[in-house]
Amino acid sequence: QVQLVESGGGLVQAGGSLRLSCAASGRTISSYTMGWFRQAPGKEREFVATSSWSGEQTYFADSVKGRFTIFRDTAKNTVYLQMNSLKPEDTAVYYCAADRGMVRKTRVADYDYWGQGTQVTVSS
């Protein structure tokens, strides 16, 4: 029902910032819990951040807490992941995801809809 397209990935030096976008179409993001995940080569996909329908409730993985922020622009039907103080360990393909459920979602299996991913590379 909803299509997701990530953008904004690229190469950045350690300590820098990057903002990822997840543009939704077909449905309004106001009806979905939104999440961000990442997957590094040889690693399993891991949770990064999630946002409730209203955007008022957010939750972050310990590894990014205090550095990353998730927020929504409902006018653009887009969810963002603002990444600050980036580290080489943040290098991964980043995916956005959506689900109609309202409980906190931190697992890959919790989400029904996924974007194609965008590569983030942090150099030391």
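Summarised in this report is the structure supplied together with it. Computed from a predicted structure; not experimentally measured.

Let us now look at the side chain of T118. Within the secondary structure, T118 sits in strand 11 (residues 118–123). At 3.2 Å, the side chain of T118 forms a polar contact with the backbone nitrogen of G9. Ignoring anything within four residues of it in the chain, the contact list for T118 reads E6, S7, G8, G9, L20, A92, V93 and Y94.

Read from one edge to the other, the open sheet built from four strands follows the order 1-3-8-7, with strand pairing classed as antiparallel. What marks the edges here is a single partner per strand, and that holds for strand 1 (3–7) and strand 7 (68–73). Each strand axis lies, on average, 20° off the axis of its neighbour in the sheet, ignoring direction. Where strand 7 and strand 8 (residues 78–83) come together, six bridges link them in antiparallel fashion. Looking across to strand 8, one finds that F68 is bridged to M83.

Criteria and thresholds
- Residues numbered from 1 in each chain as written.
- Predicted model: local features only at pLDDT ≥ 70, side-chain atom pairs only at ≥ 80, totals over all residues.
- Heavy atoms only, no water.
- Helix = DSSP H or I, 4+ residues; strand = E, 2+ residues; numbered from the N terminus.
- Polar contact = N/O pair within 3.5 Å; in protein donor to acceptor, adjacent residues only side chain to side chain.
- Contact = heavy atoms within 4.5 Å.
- Pairing = 2+ DSSP bridges.
- Axes fitted to C-alpha atoms, helices over the stretch in contact; angles between N-to-C directions.

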